Amino acid sequence: MKEKQTILLKISGEFFKDNETIINNTKLIEIANQIKVLTKTYNIGVVIGGGNIIRGGTSTLKNVARTTADQMGMIATLINSLALRDQLRSMNVKVDLYSLIPIPTIARVYNINEMKNHLANNHVIIFAGGTGNPFFSTDSGIALRALETDAKAILMAKNGVDGVYSADPRKVKNAKRYDKLTYLQALKENLQVMDLTALSLLKDSGVTVQIFNADEDKCFIKALTNKIKSTKMTK
Ligand code: UDP
């Protein structure tokens, strides 16, 4: 049997938030349903951000150190990841949650070889805790995981924007939209697509990063079959 290709899905924490709760149940189920469908074709890794709870860099807690705020952010990604793990389990999807911050009573401690075995056996792998280090983001985390797993693509569902633009299209009317671009171009033109660390990690790789609107129904499935607008970034 032909080995399945690996793709990694990135969704920001913000996506799950609504006016009442940090994790909207309907949105959680919708994402899990898409993942279940995609496991038939791909080996899947998932990274969820923590922005629905806290982002270290924009924390307004005056007496909380940046490193602590970032730790809080990493724990926020774990909270979201736990919800997705249990949702997938309830749907009989084989799933393993790894945390890059070791917290063994709650999630598997990160072990590349073990993770890759599970991935090859078509378990969905959820990566929590970003890189495990402060001053990074989940973008850098997913870039590392893409290189480790020889992923074909990172699919990035963005809130309220259908691709990469030269400036925020909600603020700048004539912002240029890119259907395609290179990592070097994104770095040189300082495009706000992924953070610089993530772009630098990926710039010589064969990984494609595809960016599209998270608000589209079945966004990951449609992006993979080019049924929605997206930007594709390659080397
Ligand atoms: N974070 C971190 N190191 C990492 C990944 C995340 O310190 O490797 C912290 C950081 O404070 C970040 C927060 O966790 O702001 C949430 O992650 P991110 O901002 O990437 O989430 P998203 O914006 O995608 O929801």
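Please read all numbers here as calculations on a predicted model, not as lab measurements.

(A) Expanded view of the overall build of the protein chain. The secondary structure content of the protein chain amounts to seven helices and 11 strands. The C-alpha radius of gyration of the protein chain comes to 17 Å, within 12% of the 18 Å expected for a compact globule of 235 residues. Taken across its 235 residues, the protein chain has 49% of its residues classed as buried. For the protein chain, long-range pairs separated by at least 24 residues make up 70% of all intrachain contacts whose partners lie at least 6 apart in sequence. A total accessible area of about 11,800 Å² is found for the protein chain, and carbon and sulfur atoms account for 51% of it. Taking the 32 positively charged and 21 negatively charged side chains of the protein chain as two groups, their mean positions are separated by 3 Å.

(B) Looking closely at the site of the ligand. Looking at the ligand, there are 21 residues lining it, with G56, D70, T131, N133 and T138 nearest. Backbone polar atom of G56 to an oxygen atom of the ligand: 2.7 Å apart, as the coordinates give it. F136 places a polar main-chain atom, nitrogen or oxygen, 3.2 Å from a nitrogen atom of the ligand. Relative to its unbound accessible surface of 520 Å², the ligand loses 93% to contact with the protein. Sort the elements by how many residues they give to the shell around the ligand and helix 2 (residues 66-90) lands first, with three residues. In terms of residue class, the shell around the ligand is built from five nonpolar, 13 polar and three charged.

(C) Just the UniProt feature "binding site: UMP" (unreviewed entry) in the protein chain, in detail. UniProt's entry tags G50, D70, T131, G132, N133, P134, F135, F136, S137 and T138 with the feature "binding site: UMP" (unreviewed entry), counted in the numbering of this structure. Separation in sequence by 89 residues is not matched in space for these annotated residues, since their most distant C-alpha atoms are only 14.1 Å apart. Within the secondary structure, F136 sits in the loop between strand 5 (124-128) and helix 4 (138-148). Beyond its immediate stretch of four places on either side in the chain, F136 contacts T131 and T197. Counting through the fold element by element, S137 comes out in the loop between strand 5 and helix 4. A residue is classified by how much of its surface remains accessible, and S137, at 26% relative accessible area, is partly exposed. When near neighbours in sequence (up to four residues on either side) are disregarded, S137 contacts T131 and D195. Only 3.1 Å separates the side chain of S137 from the backbone nitrogen of D139, close enough to count as a polar contact.

(D) Representation of the UniProt feature "binding site: ATP" (unreviewed entry) in the protein chain in the model. Here, the residues flagged by UniProt with the feature "binding site: ATP" (unreviewed entry) are K10, I11, S12, G13, G51, R55, N159, Y165 and D168. Spatially, the listed residues are scattered: they cover 159 residues, and their C-alpha atoms lie as much as 23.2 Å apart. Checked against the element boundaries, K10 lands in strand 1 (residues 5-11). A relative accessible area of 8% places K10 in the buried class. Beyond its immediate stretch of four places on either side in the chain, K10 contacts V47, G49, T138, D139, I142, L155, M156, A157 and F220. Of note is the side chain of K10, whose polar atom sits 3.2 Å from the side chain of T138. Looking at where S12 falls in the secondary structure, it is placed in the loop between strand 1 and helix 1 (25-38). Discounting chain neighbours no more than four positions away, the residues touching S12 are I48, G49, A157 and N159.

(E) Inspection of the sheet that holds strand 4 (residues 108-109) at higher detail. Taking strand neighbours across the sheet as the criterion, the nine strands line up as 4-3-5-2-1-6-10-11-9 in an open arrangement whose pairing is mixed. Each of the sheet's edge strands pairs with one partner strand only, and the pair in question is strand 4 and strand 9 (180-182). Packed onto the sheet, helix 4 meets strand 1, strand 2 (42-48), strand 5 and strand 6 (153-158) and runs at close to 175° relative to strand 1.

(F) Region of interest: helix 2. An ideal rise of 1.5 Å per residue puts 36 Å on 25 residues; helix 2 measures up with 37 Å between its terminal C-alpha atoms. Directly beyond the C-terminal end of helix 2, a positive phi value near 60° is found at N92.

(G) Seen up close, the packing of aromatic side chains. The full count for this structure, using the stated rule, is four aromatic pairs. The interplanar angle of 75° and the centroid separation of 6.2 Å between the aromatic rings of Y110 and F127 together place this pair among those described as edge-to-face. Here the residue Y110 occupies a position in the loop between strand 4 and helix 3 (112-120), and F127 occupies one in strand 5, the gap between them amounting to 17 residues. With respect to class, Y110 is no different from F127; both count as buried. Geometrically, the ring pair formed by F212 and F220 is edge-to-face, given 5.6 Å between the ring centres and 85° between the ring planes. Just as F212 is buried, F220 falls in that class too. Put simply, the rings of Y98, Y110 and F127 touch in pairs and so form one group of aromatic residues. A cation over an aromatic ring shows up here: K27 above the ring of F15, its NZ or CZ 5.1 Å from the ring centre.

About the thresholds
- Residues numbered from 1 in each chain as written.
- Predicted model: local features only at pLDDT ≥ 70, side-chain atom pairs only at ≥ 80, totals over all residues.
- Heavy atoms only, no water.
- Helix = DSSP H or I, 4+ residues; strand = E, 2+ residues; numbered from the N terminus.
- Rg over C-alpha atoms; globule rule 2.2 N^0.38 Å.
- Buried < 20%, exposed > 50% of the residue type's maximum accessible area, 1.4 Å probe, protein only.
- Contact = heavy atoms within 4.5 Å.
- Areas by Shrake-Rupley, 256 points an atom, 1.4 Å probe, with all protein chains shown as cover.
- Lys, Arg positive; Asp, Glu negative; His and termini not counted.
- Charge placed at Lys NZ, Arg CZ, Asp CG, Glu CD.
- Near = heavy atom within 4 Å.
- Polar contact = N/O pair within 3.5 Å; in protein donor to acceptor, adjacent residues only side chain to side chain.
- Nonpolar A, V, L, I, M, F, W, Y, C, P; charged D, E, K, R; others polar.
- UniProt positions renumbered as here; feature names shortened; annotations may be inferred.
- Pairing = 2+ DSSP bridges.
- Axes fitted to C-alpha atoms, helices over the stretch in contact; angles between N-to-C directions.
- Expected span 1.5 Å × (residues − 1).
- Phe/Tyr/Trp six-rings, centres within 6.5 Å; stacked < 30°, edge-to-face > 60°.
- Lys NZ or Arg CZ within 6 Å of the ring centre and 35° of its normal.

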